Structures are given as C-alpha cells and as structure tokens.
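# Observations on chain architecture
Below are the chains, spelled out letter by letter.
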Amino acid sequence: MVARNEFLTDVRDTGPMDQRSSDFLKALKFVETLESTSLDDDRCLDKILEFEKPLNADERLSYWAAIAKQTGISQEELLGVLKDFRMTQMSTKPIQQHFSGFPYPKLHLPFGYTARMNAKTKLPEIILYDKKKTVVVSNVAAFPIRMYIPKAKATLDHPELYQLTRYNPGTGLWEEVPQVFKKSYLCYAGSIHNLADTGISVGSANASELAKFFQLFIDTNAKNLEIVETVHKFGWVTNKSTGEKTFAPFFGSYTVVPASGDMTEKEEAAGDFELVKKKAGNRNEAVAMVQEMKENKVFLTMLAGMFAGPVVYLLREHLQESIGIDLSGKTSKGKTSVQKIAFNLVYGNANPFTRSWEGATPNGIWGIAGIANHLPFILDDSHLIRKHTANMPHALINGFQGDKMQVNKATNELSLRERKTVMTVMFFNGEVQLSEQTLISNSRGLLGRVIMVRALPFPETFTSEQVKAYVRRSYLNRGHFRDDWLTHLSKLDPEATVDLVMELTKLFEVADASSLYGRLTSKAATLYWSLKEANEVLGLGLEPDILIPFLIEQMTTTTTNGDINEEIVRDIVEHVKQHSAQEETFHPFTPNRLREGYNSSEDDFFLVKRTCLEKIVKERRKIEPLLDELHNEGYLTQKGSRKVNYKTREGSSSSTTGYSFSKKFIRDKLGIYLEMPFDATSAQKPDIVLTESRTEFETAKQFYAGSDIPVIRTPQADRQKRRTKV
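In short, a report on the structure. Quantities reported herein were computed from a predicted structural model and do not represent experimental measurements.

## Here we look at the overall build of the protein chain
- Of the regular secondary structure elements, the protein chain holds 26 helices and 23 strands.
- Within the protein chain, buried positions represent 49% of all 726 residues.
- When contacts within the protein chain are restricted to residue pairs at least 6 apart in sequence, those whose partners lie at least 24 apart make up 65%.
- Total accessible area on the protein chain is roughly 35,500 Å²; 49% of this is exposed by carbon and sulfur atoms.

Below is the structure:
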C-alpha cells in the first residue's frame, strides 16, 4: 500500500485542495483502502465505479491515476479492467432494466453490448462498444426469446428453431415474430437480411453485426431462453427410462412446428397442426351427435377407423401395414363430411389432416402422411388422382417413403434422406373406387389392403345444409374422446390386444372367400375391436355388432369385383365364340352390323375393338385402367392396340386394329378354349372332328373328352388358308 503522505502529495499536484469537490475527497479516502488484489473483487470494482460517477473529467483522471498507483498497475491496465467490468455489468443486467416494457425478465445482453432508448427516434437500440467506437447493431431492437428443441435431439433434418420478439414502432409494443428460424439462418450474414420481411430492422449495413449479436445472445442466454420441446409428427413415444407410452403431442408439453415455421394460430389454417390439440364445446353434445348417427353404418365405419388409427401401430407386428378405408359414390353426397365429422369428434380439428388429390405431388402427400404418422388422415377426391401420384395409395399403405439421396450439409457428401413413415388408418374418398384410379400394377393389391365402402354416407333425405350442420356441430364440439381413448390404449398390453383381434377375425370369415377377402379380415377385426373397445371406455351407447355384417357385405362385394377382370375376359371370349361361326371369324358379315374384331384359327391371338370392349364391360370397370391391368396380368399380348392385315372372303386386302388377347394365356389361366368347331351349347353335334394343327388337335381332344366323338388330325397342306375379318 502506498504511504498516505506520499499519496496526498501526488493529489495536491492536481490542484488546490479547496477547489476539489467533496465527492472527489470521498473517492480519495476510498482509494486509501485499496490493495493490489482489490481489482479481483467485483464488489470493489463496483465501488470504484460508484465513486467515479459524480466526478468531473479532471477529477476522474486524478482518481484513476491514484487507483493505479495504489494497486500497483498502469493506468492503461486499470482502464481495461474497468471497461471489462462495465461490459460484464451490462451483460448481466436484464434487458428489462434497459427497456421497462420488455416482457422477458430473464434475458440479458452478451458481453460488450448495451441497449438504450434513442433520444431522437424514441426507439430501442442495440449498441456495441468496440475499441472506443460505438456500433449500432440494430436501430430497432429484436431478440431471440424461445428455443424449439426436437424431442429426439436436433439433427440437420430437424434442427433447433428460434423465435424472436421485436419492438413495433407503430404500436410501441414488443411483439413476437410469428415464424421460427434455424440458428444457421439467424446467425449467418448471408441469410439474415431476409428477416426484414418479418419486420426486423436489418439490411446490408448491419446484417453482419446483427448475425454476430444473435449468435452471442443465444449462447449467453442458453439457460434463460424459454425451451419448447417439439415433435415433427403425431404418434406414440416411449420414455426410455420408464417404458411408459404417450401419444405426442396430445400428452406432455410437446409442440408441433409446421414446415412453414409459421406459429401464428389460424382457426381455419390447413397447415397449423397445433390446432388439432384444441378442444371445443362439451363432451355431452359430442356424445349426443354419436347417438344421433348410431344407425348410420357408414358413419360407424369411419368412427371405427378413427379410433383404430393409433391402434394400428400398437398391432404392427400383426398387421404389418396400414389400414385404408375408401368411401366412393356420387358427388356431393357427404363423403368427405362424414369422415371429417368422425375425426372432429375423436381428435379435434380435421382441417389440417384433410388434403385433396387435386394438384397434389408425391412429396406433398408424403408430407401430410409423415406428420400424421400414427394419427388418421383424410385424402379427398380420389377421382382426381393423376399419373404422377397414381402409385401413392399403395405406397402409403405399405408405410415407407422410397429412398432418395441428398447432400449432407455438414459433410457435403451424399447420404440417404430421412424416409417418412406412416402406420395408421388412412381415409380415401371419391366419385369412383380408389382401385380404379391407381396404377394397374397396384390396384388389385389395394383390394386386399383397403376396405372399399360404396354406400350412402347420409340418408337420401338429407340435404346438403343438414350435412353441413352436422360438420359444424362436430367442429364446435371437437376432440372430447381423444384423451381418454389414448390414455386407455397406452395402458394396454399390445400382445394381449393382438390375441383379441385375431380371435375376432373369425367373425369376418365367410365360405369360399377369395384370397383378397382373407387379407381384409384382420383389418376389419381391428376396426371392430376399436369401435367396441372405445364404446365401452367412452360410454358412447353404440351397438358395434351391426358393423360386422356391413363390413362383410362391403368386403365381399369389393373382393368379388376384384376378380372382375376374369369375369370380363370370360364374357369377351364368349362374345367372340358366339359371333364366330364355323370357318368364319368374329363376327360374320351381315348387313348393318359393326365389325367388332378379328379372329383366325391360324393365329395365337384375337383382336377386339375398343367399341366392342366398352359394350361388353359396361359399367363394371373404367376401360383405361382395365386395359392396362389386362396387359399387366398377361391377357393382352401388348400394351395398346394392334394392327392386322388380312384377306376378306372376296379376296381383297384390308386391315383392322384392336386389342390383342392371347389365346394361350386365356386357355392356361381360365381353361377356356376359343378354337372350337362349334359352340358347345349347340344342339347339333358332329360325327367326327377334323383338325389341322397339333394345337387344334390337343384342344379338341380336351374339349370332347368323355364323348364318343372321334378327333382326327388331318393336315391339308394344299388347302388355301384365308384370314377373314368381320
């Protein structure tokens, strides 16, 4: 410590004693108490600054010189220590103390920054003191206030997101910016200027400084920012330590962040999945609605599907894929409405989980399916499915998005993207059956995966206004069955539930059912179990057993129609045979008869014109999907029509086009023999059958097996063979 008389001598050199203020004299007495270690004590530094405040410029210089000499350091070093302490004080000082109306009391500035209300503009500024230079970081202050952290930890695909608050000069209030942003977006000068579109004061002049400030602010306030745990999809999550299952985001504090990043609540927004969580109205009214519609089997099917959505994942080892329910029929008859009513009553707002096929892309459909995950969703207007989305229903039922490479932003290397998955009950509806709109290679598979319902969703007497009223009521009394149902499911033993569902499968077994029907029984049993269980748990007063005969009827009709191709081919062959007289072709020349095709015993195919096919098929199938499917299955020898040149009976040359059917495939697949000398049902029978080729000989032998009619092969090489077209 410096001796008192030596210290006072140095001070006298700065001017006469009587000219010094009392504040300065008090400061000098405080300096006498300092030691070399005093500057390591924040309380002492705080005192130094406290005594400094009332001093004028000359007194401050003397004051600093006295402190430097007393503590044994240079004046320059002292000023550095004091500056750092000031910065620390400012950074630990809550922003609320800078701006009285700031609503987040825990947040403070990073080291080296301060904030002030500009005396001229009356706007809050963020200031950086940098080497004796004052830098205005933002003319209108904005701060990160909230961090959204994915439950499964942040990844490049699902990063941490941040929400900002900004001062609105128009209102004089602090307002939250609706969007959330990635940290790499906020803290990069090359992208942060885009925040100007959200009302943030940023441009080319301050983009770099503001990006640096946000980086430091987030790091400094890591423990002070509000943390919101997020999920990017709805579904079951399991606590690793306890094994407890919960359904996010309906349970826990999970938030769903939409892909747009827009957190604004829009009551009718299709993309705000947080809205699904909000209930409305009262449970009694919701139960009353169910009671009013309990005789409506279509509604019960949709309600069963809604309850079964979260069940599918729990039974995944048994079901192995999602369940589809397709409701088809005339337009404007309430197909979408009845599905939305069921969703509203069980889970909440159906709008975010209802999408149309019109203008949809595969990525768009997978986007909604990936978010739904274990929650049901509705795909509207199946008749508007286009070629580029025609394989989507089949892919969705399978549950996995196809692999695709992407560039890993961290390593700049190619890697597989995160595949979206879905395992739930998905609802389709449209004017035509779903299988008629999908790729032909998938349509028959869908008949064994999707329960096709073709029935009126509401009685014929219902007006569109009545249907709209039901939808509105369900919306106003939405989400009341969800929590109790999901809580019940979370406590069930999945293996025991599988056993129960497998036992119920017997209720849907029918004699002589096709393999397609058999594949649907476990799905029907899942729907029935879900409705029956929910009815008991929620006290809905339903009679679930009425669903059994209805589902059997719908599945039987669907899977019978699943064999409709075979039926149609049989009808085509019968038509050809009926109109092909002996040594004539399909069909004979007669006045005023349209020529319908071509057939010759010399060829291994026959042609049928499109107009003839349309007449035979009628309303059973749409002609384009049918033709593609017949080719895919092998009935047609080629895709599209085929041209054949031939000689008419009169000897002139001609040609015709039509769809080429394989005689051999039809014979092997269906056991139908086209090349017969006469119709088997004809009353006239030959005494002997003469054939030329080995194929004709073998065919005739099989056809006349068990009869006393001899079949003889007599090649006639000199016989002029002719092709005729009718």
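## Observations regarding the pattern of salt bridges
- In total, this model carries 20 salt bridges according to the counting rule given.
- Put simply, R473 and E292 hold a salt bridge, and the shortest N to O gap is 3.0 Å. Note that R473 is positioned in helix 17 (residues 464–476) and E292 in helix 10 (residues 283–292), a separation of 181 residues in sequence.
- Looking at E292, the relative accessible area reads 44%, which means it is partly exposed.
- The salt bridge involving E596 is made with K615; its shortest N-O contact spans 2.5 Å. Here E596 is found in the loop between helix 22 (564–578) and strand 18 (597–599), whereas its partner K615 is found in helix 23 (residues 610–617), with 19 residues between them in sequence.
- Judged by relative accessible area, which is 9%, E596 ranks as buried.
- Because the salt bridges share partners, they merge into one network encompassing R146, E176 and E226.

## Let's talk about the pairing of strand 13 (residues 377–380)
- In strand 13, alternate side chains face the same way, and those of F377 and L379 on one face and I378 and D380 on the other are all buried.
- Relative to strand 13, strand 12 (residues 354–356) is paired through three bridges, and the arrangement is parallel. Bridge pairing in strand 13 places T354 opposite I378.
- Where the polypeptide runs from strand 12 across helix 14 (residues 362–372) and back to strand 13, its parallel neighbour, the crossover connection is right-handed.
- Pairing of strand 13 with strand 16 (residues 425–430), which is carried by three bridges, proceeds in the parallel orientation. Across the sheet, F377 pairs through a bridge with M426, a residue of strand 16.

## Comments concerning the sheet that holds strand 21 (residues 653–662)
- Judged by pairing direction, the sheet is antiparallel, and its four strands sit side by side in the order 18-19-21-20 without closing on themselves. Single-partner strands in this sheet number two, and they are strand 18 and strand 20 (642–647). Here the average twist between neighbouring strands, direction ignored, is 45°.
- In this structure, strand 18 lies alongside strand 19 (residues 605–608), joined through three bridges in antiparallel fashion. Looking across to strand 19, one finds that G597 is bridged to V608.

## Comments concerning empty space enclosed by the protein
- A complete count under the given rule lists one cavity of 30 Å³ or more for this structure.
- V311, L314, L315, L489, L492, D493, P494, T497 and W529 together form the lining of the largest cavity.
- Elements represented by at least two residues in the lining of the largest cavity include exactly helix 11 (297–314) and helix 19 (494–504).
- When the residues that make up the lining of the largest cavity are grouped by side-chain class, the tally is seven nonpolar, one polar and one charged.

Cut-offs and rules
Residues numbered from 1 in each chain as written. Predicted model: local features only at pLDDT ≥ 70, side-chain atom pairs only at ≥ 80, totals over all residues. Heavy atoms only, no water. Helix = DSSP H or I, 4+ residues; strand = E, 2+ residues; numbered from the N terminus. Buried < 20%, exposed > 50% of the residue type's maximum accessible area, 1.4 Å probe, protein only. Contact = heavy atoms within 4.5 Å. Areas by Shrake-Rupley, 256 points an atom, 1.4 Å probe, with all protein chains shown as cover. Salt bridge = Lys/Arg side-chain N within 4 Å of Asp/Glu carboxyl O. Pairing = 2+ DSSP bridges. Right-handed = clockwise from strand over helix to strand, strands pointing away. Axes fitted to C-alpha atoms, helices over the stretch in contact; angles between N-to-C directions. 1 Å grid on protein atoms, 1.4 Å probe; cavity = no way out; pocket = protein on both sides within 12 Å on 5 of 7 lines; lining within 4 Å. Points joined across faces, edges and corners; volume = space filled by probe spheres on them. Nonpolar A, V, L, I, M, F, W, Y, C, P; charged D, E, K, R; others polar.

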